[in-house]
Number of protein chains: 2
Amino acid sequence: MPPVSIPATMNALLLKNDGYARQPSGTVLEALDPYVEAGTIAVPEPEGRQVLIKVVLASINPSDVMFVKGMYGQPRVQGRPAGFEGVGHVVAAGPEPEAQALMGRRIAFATGLSNWGSWADYAVADAPGCIPLLDTVRNEDAAAMIVNPLTALAMFGIVKEAGEKAFVLTAGASQLCKLIISVARDEGYRPIAIVRRDEQIAILKELGAAHVLNADAPGFRDELAAVLREEKPRIFLDAVTGPLAGAIFNAMGRHARWIVYGRLDPAATPIPEPGQLIFMHKKIEGFWLVEWMRTAGAERRMSAVVEAQKRFSDGRWATDVTAVVPLSEAIERVPQELAKPNGKVFIAP
Amino acid sequence: MPPVSIPATMNALLLKNDGYARQPSGTVLEALDPYVEAGTIAVPEPEGRQVLIKVVLASINPSDVMFVKGMYGQPRVQGRPAGFEGVGHVVAAGPEPEAQALMGRRIAFATGLSNWGSWADYAVADAPGCIPLLDTVRNEDAAAMIVNPLTALAMFGIVKEAGEKAFVLTAGASQLCKLIISVARDEGYRPIAIVRRDEQIAILKELGAAHVLNADAPGFRDELAAVLREEKPRIFLDAVTGPLAGAIFNAMGRHARWIVYGRLDPAATPIPEPGQLIFMHKKIEGFWLVEWMRTAGAERRMSAVVEAQKRFSDGRWATDVTAVVPLSEAIERVPQELAKPNGKVFIAP
């Protein structure tokens, strides 16, 4: 790539609020304009081991939605661009060698704690949060190569450590769950996916789910009980919470672990029978990728990144695209595109 | 003790139901007669490593209440005597040497899985569940020497492993919590006890609690928040569940662990903000002595037993007695005696 002239200002979707929400809500995005606004802002200069990236595509992950709503484990900074992840070209780099080494490369990136997000013409990321890409990886896959794939591999790691082949997933048709299901199938595991639409059943069975249950179908509770008796899963990976998740946990057997990583249902979440915590050794906990990254060690992180890029390159994984929305139309169109099932929504600056 | 003639039948409080309750309720005992009835039954013969004990005093623990109500982790057997714990004299023994070695001894005992409980003239226990007593230990202390003291030492062990000096207890004025508070004080820990009566505050501060808060007092929430900010406890030992426990867990900081071991409030138990499981690394789990016994290893079990007997012998621990109720009056009187605060209720056959 030839040297690029970098403008003084850029377009971006800027956070309208500081810090955290006072009242938690669900992780469904009912509208964008309470949280971000289109604006212009000075293009930042990368420092130390940071790089400046000309963004090609930016992801919209559930974690972005939680973040702009003030419900993520990191405070908002008013006036700064949102967006945790994307793909683009490195056009400037801080003085550190690991940043300089990325100059001109096409990379997948995570903006981490930089406060310069990917929903913008230019983004800033730390060099260790950047993955130089093989030419064989599509932009749509590269833009979603870090948050979901690492989450998928990390959570599937929990399943493997627990030692039972079967496990339960809510929001089974999400991009994240599709990644988990296909890795699990390849290693001989038996995902039990909970969905809300009948048309998702065939898709997920094809992908490798051992069972797919529609939680809104009549007879769901009985069918669930029968599947749990047969498969004896211990791990429950839950993006939903609320009464449905409580009922699933309640129906699981001894030593079940309810691992919450999302909150799609803002309704109150009951512990259906606390006696099960005592006598059945059940546990309720959470999963956060940032915490996992902090504690997993460089080797496990790196092997997860390599594995993710391999899977996207050879076609075992592919990102289903619902829409690529121009930055200028994002405020208006993103919520309705996100509400469509089965695929991912990107922003194109 | 001279040889004793053992009668063919005995008086006992016999379980009226089999298995588990269909509907869980609270662990408050509103009445005994839905669950047990006074009756006579053949005196059993001890086998293998079992011993037959002439019961002097039998305990009534929260675990007994949960058991007779069908809410404990062990099924009821209709027509068999209830009661998990007591003190008495060994009057017959199975052929195994460890049982024979106990003949004629005064022992504290736990009936475990024998299905011949302590609320009876005679009880059956496995030799490893029996503790030969020093003469310096009172019957009232010996009858309550296993379930509560081992639970106290095991749960305090969780506090020590977690590494923070401060921890939170609900039902702070229970016999169990009093044991925990006094051990914790001796080792320089800082118990934060939650109670429901103002008169318990001075008693528990005297015993070693760093803070005692009345959950029904005006300003409780603010006071709690201030104490939690100051003391930063991670472990929450909870006998209550329900909305109060949820609110305490919600107010605790990062890495808090809500450890449920009782269910005094039968009300629905919410997870106030599931996002805290994700972003604050909080966890919800349970504690059951039987599970701890299974996994703790013989050495930790034995050292806990030795420690408990020492503490009762030298007066560091003492059991507060609310009432000793004759077996023949138990159905009528036990519920009202149990409702009184601050002490333990025993049955005397």
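Residues numbered from 1 in each chain as written. Chains lettered and ligands numbered in written order. Predicted model: local features only at pLDDT ≥ 70, side-chain atom pairs only at ≥ 80, totals over all residues. Heavy atoms only, no water.

Participant: Pulling in residues and values, what's your account of the packing of aromatic side chains?
Facilitator: Within the structure shown, the criterion is met by 20 aromatic pairs over all chains. A centroid spacing of 4.8 Å and a plane angle of 65° characterise the contact between Phe279 of chain A and Tyr72 of chain B, whose relative ring orientation is edge-to-face. You can see Phe279 of chain A sitting in helix H9 (residues 275-279) and its partner Tyr72 of chain B sitting in the loop between helix H1 (62-68) and strand E4 (85-93), one on each of two chains. The class for Phe279 of chain A is buried, based on a relative accessible area of 8%. Considering the side-chain rings of Phe156 of chain B and Phe167 of chain B, the 6.3 Å spacing of their centres and the 50° angle between planes classify their relative orientation as tilted. Residue Phe156 of chain B is found in helix H4 (residues 147-162), and its partner Phe167 of chain B is found in strand E8 (residues 166-169); the two are separated by eleven residues along the sequence. (Phe/Tyr/Trp six-rings, centres within 6.5 Å; stacked < 30°, edge-to-face > 60°. Helix = DSSP H or I, 4+ residues; strand = E, 2+ residues; numbered from the N terminus. Buried < 20%, exposed > 50% of the residue type's maximum accessible area, 1.4 Å probe, protein only.)

Participant: Break down the pairing of strand E3 (residues 50-59) of chain A for me, citing the residues and quoting the values.
Facilitator: All names here are of chain A. With eight of its ten residues buried, E3 lies for the most part within the structure. Here five bridges tie E3 to strand E6 (residues 122-126), and the two strands are oriented antiparallel to one another. Bridge assignment links Val51 to a residue of E6, and that residue is Ala125. As judged from the seven bridges shared by E3 and strand E4 (residues 85-93), these two strands associate in the antiparallel manner. Note that in E4 the partner of Val55 across the bridge is Gly88. With two bridges joining them, E3 and strand E16 (residues 344-348) adopt antiparallel strand pairing. Counted as the bridge partner of Ser59 is Phe346 from E16. (Pairing = 2+ DSSP bridges.)

Participant: Got a sec to walk through the environment of Leu289 of chain A? Specific residues and values, please.
Facilitator: Residue and element names in this part refer to chain A. Mapped onto the fold, Leu289 is located in helix H10 (residues 289-296). Overall, Leu289 belongs to the buried group, its relative accessible area being 12%. Leu289 sits 115 residues away from Ser174 along the chain, and the two C-alpha atoms are 17 Å apart. Residues contacting Leu289, with those up to four places away along its chain left out, are Val147, Leu150 and Thr151. (Contact = heavy atoms within 4.5 Å.)

Participant: Provide a residue-level description of helix H5 (residues 175-186) of chain B, including the pertinent values.
Facilitator: Residue and element names in this part refer to chain B. For H5, with twelve residues, the first-to-last C-alpha span of 17 Å sits near the 16 Å given by 1.5 Å per residue. When you tally the buried positions in H5, you get ten out of twelve residues, the bulk of the element. Regarding H5, the residues found buried are Gln175, Leu176, Cys177, Lys178, Leu179, Ile180, Ile181, Ser182, Val183 and Ala184. Within two residues after H5, Gly188 carries a phi angle of roughly 80°, on the positive side. (Expected span 1.5 Å × (residues − 1).)

Participant: So what about the relation of the copies chain A and chain B? Which residues, and what values?
Facilitator: Structural alignment of chain A on chain B gives an RMSD of 0.0 Å, achieved by rotating through 180° and translating 0.0 Å along the axis. When the rotation and shift are considered jointly, the pair of chain copies conforms to a two-fold rotation axis. The position closest to the rotation axis in chain A is occupied by the C-alpha of Pro270 of chain A, lying 2.2 Å away. When the interface residues of chain A are mapped onto chain B, 100% of them are again interface residues, pointing to one common binding face. (Least-squares fit on C-alpha atoms with pLDDT ≥ 70 in both.)

Participant: Run through the domain arrangement of chain A, naming residues and quoting values.
Facilitator: Residues and elements named next belong to chain A. Domain annotation for chain A reports domain 1 (9-144 + 319-348) and domain 2 (148-290). Taking only C-alpha atoms, the centre of domain 1 and the centre of domain 2 are 29 Å apart. If you look at the interface, domain 1 gives 16 residues, while domain 2 gives 13 residues. Note on domain 1 versus domain 2: buried area summed over both sides is about 1,100 Å², and carbon and sulfur give 50% of it. Considering only the side of domain 1, the residues that lose the most area to domain 2 are Thr27, Tyr72 and Asn342, jointly responsible for 35% of the buried surface there. (Domains from an automatic or database assignment. Buried area = accessible area lost by both parts, 1.4 Å probe.)

Participant: Just give me the short version of the interface of chain A and chain B, but keep the residues and values in it.
Facilitator: Contacts between chain A and chain B engage 31 residues on the former and 32 residues on the latter. Put simply, chain A and chain B have four salt bridges between them. Ionic pairing is found between Glu291 of chain B and Arg254 of chain A, a salt bridge with its closest N-O pair at 3.6 Å. Our enumeration of links across chain A and chain B arrives at five residue pairs in polar contact (both at pLDDT 80 or more). Elements represented by at least two residues in the side of chain A that touches chain B include exactly strand E12 (257-260), strand E13 (269-271), H9 and strand E14 (283-286) of chain A. A per-class count over the side of chain A that touches chain B returns 16 nonpolar, eight polar and seven charged. Pairing of E13 of chain A with strand E13 (residues 269-271) of chain B, which is carried by three bridges, proceeds in the antiparallel orientation. Considered in E13 of chain B, the bridge of Ile271 of chain A is made with Thr269 of chain B. (Salt bridge = Lys/Arg side-chain N within 4 Å of Asp/Glu carboxyl O. Polar contact = N/O pair within 3.5 Å; in protein donor to acceptor, adjacent residues only side chain to side chain. Nonpolar A, V, L, I, M, F, W, Y, C, P; charged D, E, K, R; others polar.)

Participant: How would you summarise the pattern of salt bridges if you had to cite specific residues and measurements?
Facilitator: The tally for this structure, following the rule as stated, stands at 32 salt bridges over all chains. The shortest N-O distance in the salt bridge between Lys178 of chain A and Asp320 of chain A comes to 2.9 Å. Of the two residues, Lys178 of chain A sits in helix H5 (residues 175-186) while Asp320 of chain A sits in the loop between helix H11 (298-313) and strand E15 (321-326), which places them 142 residues apart along the sequence. Its relative accessible area of 8% is what places Lys178 of chain A among the buried residues. The class for Asp320 of chain A is partly exposed, based on a relative accessible area of 33%. When the shortest N-O distance is used, the salt bridge between Asp314 of chain B and Arg316 of chain B registers 3.0 Å. A residue is classified by how much of its surface remains accessible, and Arg316 of chain B, at 40% relative accessible area, is partly exposed. Overlapping salt bridges bring together Arg185, Asp186, Glu307 and Arg311 of chain A as one network.

Participant: A description of the confidence of the model for chain A should follow, citing residues and the corresponding values.
Facilitator: Of the residues in chain A, 99% reach a pLDDT of 70 or more, and the chain-wide mean stands at 93. The ipTM, which scores confidence in the relative placement of chains, is 0.87 for this predicted complex, and the corresponding pTM is 0.89. (pLDDT = per-residue confidence, 0-100.)

Participant: Kindly report on the UniProt feature "domain: Enoyl reductase (ER)" (unreviewed entry) in chain A, identifying the contributing residues and their values.
Facilitator: Following the UniProt record, one finds the feature "domain: Enoyl reductase (ER)" (unreviewed entry) at residues 27-347 of chain A. Within the segment residues 27-347 of chain A, helix and strand shares are 35% and 24% respectively, and the terminal C-alpha atoms sit 19 Å apart. (UniProt positions renumbered as here; feature names shortened; annotations may be inferred.)

Participant: Any chance you could break down the side chain of Arg76 of chain A for me, citing the residues and the numbers?
Facilitator: Residue and element names in this part refer to chain A. Mapped onto the elements, Arg76 comes out in the loop between helix H1 (62-68) and E4. Notably, Arg76 is buried but unbridged: the nearest opposite-charge side chain belongs to Asp18, and the N-O separation is 7.3 Å. At 2.8 Å, the side chain of Arg76 and the backbone oxygen of Val68 are in polar contact. Filtering out sequence-adjacent residues up to four positions away, Arg76 remains in contact with Leu15, Asn17, Asp18, Gly19, Tyr20, Ala21, Tyr35, Phe67, Val68, Lys69 and Gly70. (Lys, Arg positive; Asp, Glu negative; His and termini not counted.)

Participant: Run through unusual backbone geometry, naming residues and quoting values.
Facilitator: Of note, Lys232 of chain A is a non-glycine position whose phi angle comes to about 50°, a positive value. Tracing the backbone through its elements, the reader meets Lys232 of chain A in the loop between helix H7 (220-231) and strand E11 (235-238). In the Ramachandran plot, Ala171 of chain B falls in the positive-phi region, its phi being about 50° despite a non-glycine side chain. Tracing the sequence through the fold places Ala171 of chain B in the loop between E8 and H5.

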